[in-house]
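What follows is each chain in one-letter form.
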Amino acid sequence: MTDGSLGGRIEGIYRDEYGRVVASLARRFGDLDIAEDAAGEALLAALERWPDDGVPPNPGGWLTTTATRRAIDRIRRENLRDAKHQAAVMIDDPTPHEPTGIVEDDRLRLIFVCCHPALAPEARVALALRLLGGLTVAEIARAFLVPETTMARRITRAKAKIKAARIPFRVPDADDVTDRRATVLAVLYLIFNEGYLSSSGDPIRTELTGEAIRLGRLVHDLLPDDGEAAGLLALMLLIEARKRSRVAGGNPAEIAHLTRRREQLHNSR
Amino acid sequence: MAQYLLSVHGTSADHVDVDHNDPAIQKMYADVGTFNDQLQTDGHWVFAGGLTDIADATVVDGTGNDAVVTDGPYAESKEFLGGFWVIEAPDLDTALKLAAAGSRACQGPVEVRPFQADPAAE
């Protein structure tokens, strides 16, 4: 996956930052296609610019800013109604972080949108893995043991419904959080799972396990009295703590080679 | 603002055997009336109506040279459209909340479908 070259490094950064960029743009523009396309264009721009200019100090911020500009360009180009007015508001937005209610994290909010009860259950998790985990459709299809075309159709249909039925990128309220809790936890668990034993490339993808734990902490903060949220977080932290003992020479270690000595609790924040 | 169709499906028995003097039916009529008033007060109302029995349906096929008129519904099924609302709402969550209130009033499940957006208005 991550060869030593700059191109490989840029793609690694892009992968890590993908969910953040898409979630931030989805909140701002309320349109998943615009958010995803702009994120892709930002990657192209990074591949063009960074080899000459060097990797910026805050690559995630650079990607988000570039993607936002590309999205505004696109909205202008497509000459949507009041586009200029909208774009002006977006460029000169004095409050980029609007009141965000009880779910303040863009990515967690996007998960709650993906878990909307109006979406088919099998589409919710897939959509979240695509948008938040930055997994390719092929990877998601493998994880679900379905053909890639089936998965592509499922994701496309879910996104089309979000658009046509106007499922809002709204701040979830307390009721939503309680109603969608089980699905959100399932999504976090699957994101963690994909990182725990990835279906492609490196056997362990720490950016996914790390993100699942980060979001798990946020859900636990939202619902401190919820046993399932606390339990999932505890489970993920425990498994994550054993991470180093699970790999030997880049491959999953054999059981005979697992030793307690190599297990470390490096999540005790 | 988008428009949504909230439709109520039922069986023929719901229509034919209905006793208008049944207190439960009377209450349902009153609840639907209250819900309709609320839709108008809150600016969600576009149109609503109840349909007569499915046996009253007639299908007209004007795709050929001469229009062909046939007695009966387009699709034979046990359940059919009994009535509907067309509402205005800013997003699906609002439409779903209204549908829940409508469903409680009319005592039946309600299907929510967005209307196609007017391309000129996008």
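For clarity, every value in this text was computed on a predicted model and none was experimentally measured.

1. Considerations on the overall build of chain B
Link 1 in the chain: The helix and strand inventory of chain B stands at 3 helices and 6 strands.
Link 2 in the chain: Across chain B, helices and strands are ordered from the amino to the carboxyl terminus as β-α-α-β-β-β-β-α-β.
Link 3 in the chain: Projecting the C-alpha coordinates of chain B onto the three principal axes gives extents of approximately 50 × 45 × 20 Å.
Link 4 in the chain: Expressed as a percentage of the 122 residues in chain B, the buried residues total 19%.
Link 5 in the chain: Pairs at least 24 apart in sequence give 75% of the contacts found in chain B among residues at least 6 apart.

2. A word on the overall build of chain A
Link 1 in the chain: When helices and strands are counted, chain A shows 13 helices and 2 strands.
Link 2 in the chain: Per-residue burial over chain A gives 38% buried out of 269 residues.
Link 3 in the chain: Within chain A, counting contacts between residues at least 6 apart in sequence, those at least 24 apart form 62% of the total.

3. Quick notes on the pairing of strand 1 (residues 2–11) of chain B
All names here are of chain B.
Link 1 in the chain: Of the strand pairs in this sheet, strand 1 and strand 5 (residues 79–89) are connected by 10 bridges, and their pairing is antiparallel. Its bridge partner being in strand 5, Gly10 is matched across the sheet by Phe80.
Link 2 in the chain: Two strands pair when backbone bridges link them, and strand 1 and strand 6 (residues 110–114) are joined in this way by 5 bridges, in the antiparallel orientation. For Val8, the partnering residue across the bridge sits in strand 6 and is Val110.

4. Here we look at helix 8 (residues 148–164) of chain A
All names here are of chain A.
Link 1 in the chain: Compared with an ideal rise of 1.5 Å per residue, which puts 17 residues at 24 Å, helix 8 spans 24 Å between its outermost C-alpha atoms and is within 8% of the ideal.
Link 2 in the chain: Considered for burial, the residues of helix 8 that qualify are Met151, Arg154, Ala158, Lys159 and Ile162. Seen from one end, helix 8 has its buried residues packed into an arc of 125 degrees, which puts them on one side. In helix 8, the exposed residues that point more than 90 degrees away from the buried face are Thr149, Thr156 and Ala160.

5. A short note on the sheet that holds strand 1 of chain B
Residue and element names in this part refer to chain B.
Link 1 in the chain: A sheet is described by the order of its strands in space; here 4 strands give the open sequence 2-5-1-6, paired in antiparallel fashion. The open sheet has two free edges, formed respectively by strand 2 (45–50) and strand 6, since each of these has just one partner strand. Averaged over all adjacent pairs, the angle separating strand axes in this sheet is 20 degrees, with direction ignored.
Link 2 in the chain: In the sheet, strand 2 pairs with strand 5 via 5 bridges, with the strands oriented antiparallel. By the bridge assignment, Trp45 is partnered in strand 5 with Ile87.

6. A short note on unusual backbone geometry
Residue and element names in this part refer to chain A.
Link 1 in the chain: Within the chain, Leu145 stands out as a residue other than glycine whose phi angle is a positive 55 degrees.
Link 2 in the chain: Among the secondary structure elements, Leu145 is positioned in the loop between helix 7 (137–144) and helix 8.
Link 3 in the chain: By C-beta crowding, Leu145 is classed as exposed, having 7 other C-beta atoms within 10 Å.
Link 4 in the chain: Positive phi values are uncommon outside glycine, yet Arg166 reaches one of about 60 degrees.
Link 5 in the chain: Taking the number of C-beta atoms within 10 Å as the measure of exposure, Arg166 has 20 and is therefore buried.

7. With respect to the domain arrangement of chain A
All names here are of chain A.
Link 1 in the chain: Splitting chain A by domain gives domain 1 (1–98) and domain 2 (100–269).
Link 2 in the chain: It is helix 1 (residues 6–29) that provides the largest number of residues to the side of domain 1 that touches domain 2, a total of 10 residues.
Link 3 in the chain: Partitioned by chemical class, the residues of the side of domain 1 that touches domain 2 number 6 nonpolar, 4 polar and 5 charged.

8. Regarding the nonpolar core
All names here are of chain A.
Link 1 in the chain: Counting 84 residues, the largest nonpolar core has Leu25, Ala39, Ile111, Val187 and Leu188 as the members making the most contacts within it.
Link 2 in the chain: Of the residues forming this core, the biggest block, 9 residues, is contributed by helix 1.
Link 3 in the chain: In terms of domain composition, this core takes at least three residues from each of domain 1 (1–98) and domain 2 (100–269).

9. Description of the pairing of strand 3 (residues 58–61) of chain B
Along any regular strand, the residues point their side chains to alternate faces of the sheet.
Link 1 in the chain: Relative to strand 4 (residues 68–71) of chain B, strand 3 of chain B is paired through 4 bridges, and the arrangement is antiparallel. Its bridge partner lying in strand 4 of chain B, Thr58 of chain B is registered against Asp71 of chain B.

10. Here's the deal with the packing of helix 11 (residues 206–222) of chain A against helix 12 (residues 227–241) of chain A
All names here are of chain A.
Link 1 in the chain: The geometry of helix 11 relative to helix 12 is characterised by a closest axis approach of 9 Å and an angle of 150 degrees between their N-to-C directions. Judged by the inter-axis angle, helix 11 sits roughly antiparallel to helix 12. Handedness of the crossing formed by helix 11 with helix 12: left-handed. Packed against helix 11, whose contacting residues are Thr209, Ala212, Ile213, Gly216, Arg217, Val219 and His220, the element helix 12 presents Ala229, Ala230, Leu232, Leu233, Met236, Leu237 and Glu240 at the interface.
Link 2 in the chain: Looking at the contact of helix 11 with helix 12 residue by residue, the class counts come to 9 nonpolar, 3 polar and 2 charged.

11. Some points on helix 2 (residues 23–41) of chain B
Link 1 in the chain: In this model helix 2 of chain B runs 27 Å from its N-terminal to its C-terminal C-alpha over 19 residues, within 8% of the 27 Å that 1.5 Å per residue would give.
Link 2 in the chain: Where helix 2 of chain B terminates, the next one or two residues include Gly43 of chain B, which has phi positive at roughly 80 degrees.

12. A few points about the environment of Ala253 of chain A
Link 1 in the chain: Mapped onto the fold, Ala253 of chain A is located in the segment after strand 2 (251–252).
Link 2 in the chain: When the C-alpha positions of Ala253 of chain A and Val125 of chain A are compared, they lie 29 Å apart, and in sequence the two are 128 residues distant.

13. Notes on the confidence of the model for chain A
All names here are of chain A.
Link 1 in the chain: Of the residues in chain A, 80% have a pLDDT of 70 or more, and the chain-wide mean is 79.
Link 2 in the chain: Of all secondary-structure elements in chain A, the lowest mean pLDDT belongs to helix 4 (residues 83–91), at 56, while helix 12 reaches the highest, 93.
Link 3 in the chain: For residues 93–100, every residue scores under 50 in pLDDT, and the model assigns this stretch 1 contact once sequence neighbours within four places are set aside.

Basis of the calculations
- Residues numbered from 1 in each chain as written.
- Chains lettered and ligands numbered in written order.
- Predicted model: local features only at pLDDT ≥ 70, side-chain atom pairs only at ≥ 80, totals over all residues.
- Helix = DSSP H or I, 4+ residues; strand = E, 2+ residues; numbered from the N terminus.
- Buried ≥ 20, exposed ≤ 12 C-beta atoms within 10 Å, placed from the backbone.
- Contact = placed C-beta atoms within 7 Å.
- Pairing = 2+ DSSP bridges.
- Expected span 1.5 Å × (residues − 1).
- Arc of directions from axis to C-beta.
- Axes fitted to C-alpha atoms, helices over the stretch in contact; angles between N-to-C directions.
- Domains from an automatic or database assignment.
- Nonpolar A, V, L, I, M, F, W, Y, C, P; charged D, E, K, R; others polar.
- Core = buried A, V, L, I, M, F, W, Y, C linked by C-beta atoms within 7 Å.
- Parallel < 35°, antiparallel > 145°, perpendicular 65-115°, else oblique.
- Left-handed = near helix turned anticlockwise from the far one by under 90°.
- pLDDT = per-residue confidence, 0-100.

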